[in-house]
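# A structural walkthrough
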Amino acid sequence: MRGTEAPVGGIRPWIVWLAATLTFVAAMFSRTSFGVASLYAAERFASPVALMSIFVVVQMIVYAGMQIPAGLLLDRLGSRKTIAIGLTVMTVGQLGLALATSFPVGLGVRVLIGGGDALIFISAIRLIPVWFAARQVPLLTQISSVAGQLGQWASAVPLVRILADFGWTPAFLTVAAACATGLLLNVVFVRDYPPGAEMPRPQGRSGGFAGAREVIEMPAGQLGFFIHMSTAYFPLIFTFMWGFPFLTQGQGLTDARAGNLFTVFVIAGIAAGPPMGVLTRIFENQRVALALIVAAFTVVAWTAVLLWPGSAPMPLLVVLMIGLASCFPASNIAFDINRSFVPPHRMGIGSGLVIVGGFIAALGSVGVISMVLAGVGGADPGPEAFRIAMATQLPVWLFALTMVLRSRRKLLATGQRV
């Protein structure tokens with residue numbers, strides 16, 4: 001769906017959008033909840049703290065691996081049912097985590113949480129072009145994405161307090177309750193289409209992964225994939241695993257100062273979202289250039305930080321945080337490409353393919369950085385080891401940039417403007 005020719009009118013579209021956005025907030029709360037509980041998890045599961053990163057990595061692998069199946073399910077069932085399935089699975093997973101007392105059980109339920117999470121965001125943003133005019137879609141997509149920061153805040157502030165005051169089980173029962181609340185909002189308020197509208201039906205090859213192949217073969221599908229890779233790649237690596245260690249061990253900052261920089265990251269990401277949506281609408285035929293400008297700014301900031309003799313000055317690190325944070329809103333341009341060019345009955349698969357682009361590159365680089373740090377810095381890597389390891393991001397970005405330009409040329413050759 002490209003967006004309705006005219007707004008549906010009334011308050012109903014806004015209720016549907018708000019309810020769907022709140023389901024994404026609940027999913028983000030669930031997704032990020034374990035990140036603040038690693039020390040508690042190590043104690044509960046009687047395992048080394050170092051092993052706790054496996055929970056996050058496995059969850060993200062499942063999340064990325066489920067994107068194409070999630071897109072297929074979305075195209076077949078619609079947003080309301082897909083969100084319901086995702087939040088039900090996440091609620092069960094968080095209930096299991098609240099009661100789990102062993103490492104294998106805890107890891108198993110995190111797999112459930114990652115799988116359910118994969119269904120939520122693409123389903124929520126699928127509703128926007130159905131209920132709103134095309135000119136409103138980029139901005140509302142950015143606001144929905146930015147709203148996820150509320151879920152991250154909930155895990156970083158209230159959940160931490162609940163963990164400290166009441167312990168593991170009450171904390172994760174709270175997360176489960178948030179997922180259940182999102183499920184209730186979805187059931188009561190979310191509807192796939194305005195009254196009288198019909199769900200797009202598959203055309204041509206319609207069976208399962210034939211639809212995925214159809215989107216993958218489209219120049220627009222490839223362009224969305226590589227735009228997401230060239231933009232979301234950097235902040236995903238930073239927030240997945242290596243941002244905090246880079247700032248503390250690689251740059252010599254205290255935990256408090258590194259935490260302040262992460263606060264800058266969150267604020268900058270929230271601030272950049274709505275303007276990015278407006279610019280995407282105004283400069284619709286320059287959307288690709290807009291995404292690449294943001295990514296290139298981040299590359300320049302990374303290069304300056306890594307080449308700086310000794311520790312980089314705080315203003316330069318702040319610039320890096322702003323660049324990294326702006327990459328997330330820029331990555332949403334890939335979803336706008338999907339909306340514009342992928343057929344309505346394949347939009348779910350297209351959105352899933354977009355997300356895979358950034359996640360698969362980031363997950364691979366997380367492993368490469370780990371190996372380089374171990375090879376160069378040993379058990380206790382220092383600033384030089386981090387400098388070399390983080391520099392391995394650049395070749396991946398150059399590959400993604402090359403593929404963006406190539407797939408854009410292919411799309412232009414079809415007579416489309418982008």
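Before going into details, it helps to say that this report is about the structure given with it. Fair warning: this is a prediction, and the values are worked out from it, not measured in the lab.

Rules of the game
Residues numbered from 1 in each chain as written. Predicted model: local features only at pLDDT ≥ 70, side-chain atom pairs only at ≥ 80, totals over all residues. Heavy atoms only, no water. Buried < 20%, exposed > 50% of the residue type's maximum accessible area, 1.4 Å probe, protein only. Helix = DSSP H or I, 4+ residues; strand = E, 2+ residues; numbered from the N terminus. Arc of directions from axis to C-beta. Contact = heavy atoms within 4.5 Å. Salt bridge = Lys/Arg side-chain N within 4 Å of Asp/Glu carboxyl O. Core = buried A, V, L, I, M, F, W, Y, C linked by side-chain atoms within 4.5 Å. Patch = residues over 30% accessible without salt bridge, like charges linked within 9 Å, V, L, I, M, F, W, Y side chains within 5 Å. Areas by Shrake-Rupley, 256 points an atom, 1.4 Å probe, with all protein chains shown as cover. Phe/Tyr/Trp six-rings, centres within 6.5 Å; stacked < 30°, edge-to-face > 60°. Lys NZ or Arg CZ within 6 Å of the ring centre and 35° of its normal.

Quick look at helix α10 (residues 158-166) now. When α10 is considered as a whole, its buried residues turn out to be Leu-159, Ile-162 and Leu-163. Projected down its long axis, α10 carries its buried residues within an arc of 100 degrees, all on one side. Along α10, the residues that are exposed and aim more than 90 degrees away from the buried face are Arg-161 and Ala-164.

Within the secondary structure, Gln-94 is located in helix α5 (residues 79-99). When neighbours within four sequence positions are excluded, Gln-94 is seen to be in contact with Ser-30, Ser-33, Arg-110, Ile-113, Phe-172, Val-175, Ala-176 and Cys-179.

Another aspect to go through is the environment of Pro-170. In this fold, Pro-170 is placed in helix α11 (residues 168-189). The exposure class of Pro-170 is partly exposed, given its relative accessible area of 34%. Spatially, the C-alpha atoms of Pro-170 and Ala-98 are 7.3 Å apart, while their sequence positions differ by 72 residues.

Here we take up unusual backbone geometry. Working note: non-glycine residues mostly have negative phi, and peptide bonds are mostly trans. At Ala-46, a position not held by glycine, the phi torsion is positive, near 50 degrees. Turning to its location among the elements, Ala-46 is positioned in the loop between α2 (38-44) and α3 (53-65). On the accessibility criterion, Ala-46 (72% relative accessible area) is exposed.

In this section: the environment of Gly-196. The topology assignment puts Gly-196 in the loop between α11 and α12 (208-217). Given a relative accessible area of 77%, Gly-196 falls into the exposed group. It is 23 Å that separates the C-alpha atoms of Gly-196 and Thr-21, two residues lying 175 residues apart in sequence.

Further remarks concern the pattern of salt bridges. Taken as a whole and assessed by the stated rule, the structure comprises 8 salt bridges. The residue Arg-31 makes a salt bridge to Asp-117 at a minimum N-O spacing of 2.6 Å. Placement of the pair is Arg-31 in helix α1 (residues 12-32) and Asp-117 in helix α6 (residues 103-117), with a sequence separation of 86 residues. Each of the two residues, Arg-31 as well as Asp-117, counts as buried.

So, about the nonpolar core. Core analysis: the largest hydrophobic core is formed by 132 residues, its most contacted members being Phe-172, Phe-246 and Trp-302. Residue contributions to this core peak at 16 residues, all from helix α13 (residues 219-250). In this view, Phe-246 contacts Phe-238, Gln-251, Trp-302, Val-305, Leu-306, Phe-386 and Met-390; residues no more than four positions away in its chain are not counted.

A surface patch of nonpolar side chains, about 630 Å² in accessible area, is lined by Ile-11, Trp-14, Ile-15, Leu-184, Val-187, Val-188 and Phe-189. Among the structural elements, Ile-15 can be located in helix α1.

Attention shifts here to the packing of aromatic side chains. Within the structure shown, the criterion is met by 22 aromatic pairs. With a centroid separation of 4.8 Å and 70 degrees between ring planes, the pair formed by Trp-14 and Phe-132 is classed as edge-to-face. Residue Trp-14 is found in helix α1, and its partner Phe-132 is found in the loop between α8 (128-131) and α9 (137-156); the two are separated by 118 residues along the sequence. Residue classification places Phe-132 among the buried residues on the basis of a relative accessible area of 3%. Between Trp-242 and Phe-386, the aromatic rings sit 6.4 Å apart at their centres with planes inclined by 70 degrees, giving edge-to-face as the arrangement. With Trp-242 in helix α13 and Phe-386 in helix α19 (residues 383-391), this pair connects stretches of sequence that are 144 residues apart. Phe-386 shares its class with Trp-242; the two are buried. Here the aromatic cluster, defined as three or more aromatic residues joined through ring pairs, consists of Phe-238, Trp-242, Phe-244, Phe-246, Phe-262, Phe-265, Trp-302, Phe-328 and Phe-386. Stacked on the ring of Tyr-63, the Lys or Arg Arg-31 has its end atom at 4.6 Å from the ring centre.

Remember that the coordinates give geometry; whether it matters functionally is a separate question.
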